[in-house]
Amino acid sequence: MKDIFFRENIFEILNYLEEGIQIIDEKGKILYFNKSVQNLDELDRDKTIGRHILEVYPSLSYDTSTLIRVMETGKPIYNAEQSFVNYKGDRITTVNTSIPIKEKGRIKGAIEISTDITNVKKLSEKIVDLQKELYKDKEKPRKNKEKARYTFVDIIGQNSSMIKLKAMALRASRTSSPVLIYGETGTGKELLVQSIHNASGRKNDHFIAQNCAALPANLLEGILFGTVKGGFTGAEDRPGLFELANGGTLFLDEINSMPLELQAKMLRVLQDGSIRRLGSTKTVDVDVRIITATNTEPDKAMEEKLIRKDLFYRLSVINLEIPPLRERIDDIPVLVEYFIDKYNEKLNTSVKDISNEALNVFNKYSWPGNVRELEHVIQGILSIEETDIIKEKHLPSQFVDFIEKSTVNKEEIQPLNKAVEELEKQIIFSGLNKTNWNITKTAELILVPRQTLQYKIKKYGLKEKK
Ligand SMILES: Nc1ncnc2c1ncn2[C@@H]1O[C@H](COP(=O)(O)OP(=O)(O)OP(=O)(O)O)[C@@H](O)[C@H]1O
Ligand SMILES: [Mg+2]
């Protein structure tokens with residue numbers, strides 16, 4: 001009888017339930033979910049097991065997640081309605097019963113049973129969608145549809161500001177308001193932009209990205225707005241990116257590099273919702289969601305007259321800032337683990353972990369290239385080193401200074417008397433600090449005669465820092 005109920009069997013059975021079952025541990029990390037949850041929430045098992053529930057469900061919070069609430073209060077919740085947005089941007093409403101899992105009175109996690117009540121709504125919406133599809137403009141340029149690959153689940157990070165940022169971005173994806181993203185190079189701006197598009201109602205339409213720094217000014221203008229034949233020498237009849245992205249998202253990267261005259265034209269598009277091809281007198285209405293990114297601080301860019309103020313305010317209806325990696329070092333271990341897994345698979349290596357010393361070096365480093373730099377470092381090590389564990393000695397040259405600093409005292413051999421003096425100095429100094437520079441008390445504390453102490457303070461030139 002016992003055999004029939006061993007764990008694997010139970011988990012197998014849970015997959016046939018129509019209700020969703022989800023289990024988290026005491027830290028809020030997802031331990032298990034059954035097929036229903038997987039299908040409903042569009043979860044990728046490999047990417048979500050072991051991650052914090054709020055990281056995977058950025059539209060939920062400590063207050064609205066029934067699982068978290070149960071874990072914090074230790075009290076079950078019955079039939080509570082919960083609404084969230086999954087990574088595909090669908091709003092899901094479920095009715096949940098959540099129960100804490102306890103062991104010897106201590107809370108070890110929580111389990112939740114949820115029933116989807118979005119289905120009826122979804123079906124009716126589907127009928128409307130199908131009708132719309134029937135009457136859709138057949139000439140839509142679907143052939144060269146540009147793809148946005150990433151979704152929010154690809155953004156790794158448990159740092160609280162990253163979780164907040166993801167929640168904000170997910171909310172932003174439900175609107176068509178312009179979004180401006182600021183972040184240093186390699187912080188994941190492109191990742192975030194694509195995720196927003198893929199969670200938005202425009203996900204089945206074009207996602208077009210253009211780097212404003214990549215082209216000379218006049219070419220960029222033609223590319224964005226399109227041209228008409230004879231408009232200027234050699235020009236052809238060609239739609240611009242605004243027209244091609246119609247119905248979808250246009251991502252303008254490095255907006256701070258766009259020439260100011262072109263920025264004035266952009267402003268007009270945002271105000272009127274229409275564009276005019278170069279050399280044409282006709283205006284064309286466009287429905288494009290505009291996302292821009294800058295890797296210089298917006299305030300600075302305006303001060304230095306790289307971005308027009310009026311354009312900035314139009315573009316930054318929603319303003320998202322991705323913090324640099326050095327300001328979220330708590331994300332470094334998770335990212336390292338993620339990239340180790342990623343490149344183990346790609347390079348067919350079997351690195352297991354990183355040593356604490358190497359991780360310490362990472363924590364001290366300033367990461368000018370941010371997450372991209374970290375990814376390249378891990379990729380590089382896995383490509384050339386044959387090791388199980390990434391250690392300090394495997395780190396590339398940019399880390400040398402940080403390694404030397406932390407080991408110089410350990411490894412430099414000095415004459416014994418010098419080392420003893422150094423140690424003596426340190427002990428006296430900390431004794432003095434502890435007693436507020438009271439000589440008698442310090443002498444008692446470190447067990448030396450008062451005169452000796454006074455002599456040594458003089459000898460080492462110790463002085464109280466005010
Ligand atoms: N939070 C993250 N989780 C996983 N991968 C990330 C994350 N942030 C960045 N990356 C990875 O780092 C690399 C750089 O990211 P991305 O291209 O989005 O940066 P960026 O901010 O657009 O940089 P740039 O300003 O140089 O264009 C990519 O390979 C991306 O997959
Ligand atoms: Mg980029």
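For the structure, check the block above.
Quick summary incoming for the structure in this document.

Conventions and cut-offs
- Residues numbered from 1 in each chain as written.
- Chains lettered and ligands numbered in written order.
- Predicted model: local features only at pLDDT ≥ 70, side-chain atom pairs only at ≥ 80, totals over all residues.
- Helix = DSSP H or I, 4+ residues; strand = E, 2+ residues; numbered from the N terminus.
- Buried ≥ 20, exposed ≤ 12 C-beta atoms within 10 Å, placed from the backbone.
- Contact = placed C-beta atoms within 7 Å.
- Near = placed C-beta within 6 Å.
- Nonpolar A, V, L, I, M, F, W, Y, C, P; charged D, E, K, R; others polar.
- Domains from an automatic or database assignment.
- Expected span 1.5 Å × (residues − 1).
- Axes fitted to C-alpha atoms, helices over the stretch in contact; angles between N-to-C directions.
- Parallel < 35°, antiparallel > 145°, perpendicular 65-115°, else oblique.
- Left-handed = near helix turned anticlockwise from the far one by under 90°.
- Pairing = 2+ DSSP bridges.
- Core = buried A, V, L, I, M, F, W, Y, C linked by C-beta atoms within 7 Å.

A closer look at the overall build of the protein
Step number 1: The helix and strand inventory of the protein stands at 20 helices and 16 strands.
Step number 2: When burial is assessed residue by residue, the protein has 31% of its 466 residues classed as buried.
Step number 3: Look at the contacts in the protein between residues 6 or more apart in sequence, and 66% of them connect residues 24 or more apart.

What about the site of ligand 1?
Step number 1: Near ligand 1, the surroundings consist of 15 residues, among which Thr 185, Gly 188, Lys 189, Glu 190 and Val 371 are the closest.
Step number 2: At the level of elements, helix H8 (189-198) and helix H16 (370-384) are the ones that each hand at least two residues to the shell around ligand 1.
Step number 3: Its residues assigned to classes, the shell around ligand 1 shows 4 nonpolar, 7 polar and 4 charged.
Step number 4: Composition of the shell around ligand 1 by domain shows at least three residues from each of domain 2 (152-321) and domain 3 (326-411).

What to know about helix H11 (residues 260-272)
Step number 1: Here H11 spans 19 Å end to end across 13 residues, near enough to the 18 Å set by a 1.5 Å rise per residue.
Step number 2: Of the residues flanking the end of H11, it is Gly 273, one or two places downstream, whose phi is positive at about 70°.

Some words on the packing of helix H14 (residues 332-347) against H16
Step number 1: One can describe the packing of H14 onto H16 by two numbers: an axis separation of 9 Å at closest approach and a directional angle of 45°. Put simply, H14 runs oblique to H16. The handedness of the crossing between H14 and H16 comes out as right-handed. Residues Leu 335, Val 336, Phe 339, Ile 340, Tyr 343, Asn 344 and Leu 347 of H14 pack against Val 371, Leu 374, Glu 375, Ile 378, Gln 379, Leu 382 and Ser 383 of H16.

Here we look at the sheet that holds strand E13 (residues 289-294)
Step number 1: The 5 strands lie next to each other as E7-E10-E13-E6-E14, forming an open sheet whose pairing is parallel. Pairing within the sheet leaves two strands with one partner each, and these edge strands are strand E7 (207-211) and strand E14 (318-321). Strand-to-strand twist of the sheet, defined as the mean angle between neighbouring strand axes without regard to direction, takes the value 15°.
Step number 2: Relative to E13, strand E10 (residues 249-253) runs parallel, the two being bridged by 4 bridges. Within E13, the residue paired with Phe 251 across the bridge is Ile 291.

A short note on the nonpolar core
Step number 1: Residues Ile 181, Leu 192, Ile 196, Phe 242 and Leu 250 are the most contacted members of the largest nonpolar core, which totals 46 residues.
Step number 2: For this core, the element with the highest residue contribution is helix H7 (residues 160-173), accounting for 5 residues.
Step number 3: What Leu 192 contacts, discounting residues up to four positions off in sequence, is Ile 155, Ala 169, Ile 181, Leu 320 and Ile 322.
Step number 4: If you look at the next biggest cluster of nonpolar residues, it comprises 21 residues, including Ile 332, Val 336, Val 351 and Val 377.

As for the sheet that holds strand E4 (residues 91-103)
Step number 1: Taken together, the 5 strands give an open sheet; going across it, the order is E2-E1-E5-E4-E3, and neighbouring strands pair in antiparallel fashion. Strands at the two margins of the open sheet, each flanked by one partner only, are strand E2 (30-33) and strand E3 (77-85). Put simply, the sheet's adjacent strands are angled 30° from each other on average, direction ignored.
Step number 2: Bridge count for strand E1 (residues 20-25) against strand E5 (residues 106-116) is 6 bridges, and the pairing is antiparallel. Paired with Ile 24 across the strands is Ala 110, a residue of E5.

Some details on the environment of Tyr 32
Step number 1: Considering the arrangement of structural elements, one finds Tyr 32 in strand E2.
Step number 2: Taking the C-alpha atoms as reference points, Tyr 32 and Ile 49, 17 residues apart in sequence, are found 6.7 Å from one another.
Step number 3: The residues touching Tyr 32, leaving out its near neighbours within four places in the chain, are Gln 22 and Ile 23.

So, the packing of helix H19 (residues 439-446) against helix H20 (residues 450-460)
Step number 1: Running from amino to carboxyl end, H19 crosses H20 at an angle of 105°, the nearest separation of the two axes being 9 Å. Taken as axis vectors, H19 and H20 run roughly perpendicular relative to one another. Each of Ile 439, Thr 440, Thr 442 and Ala 443 in H19 lies in contact with H20, whose residues at this interface are Arg 450, Leu 453 and Gln 454.
Step number 2: Within the contact of H19 with H20, the residues separate by chemical class into 3 nonpolar, 3 polar and 1 charged.

Read these as geometric descriptors, not functional statements.
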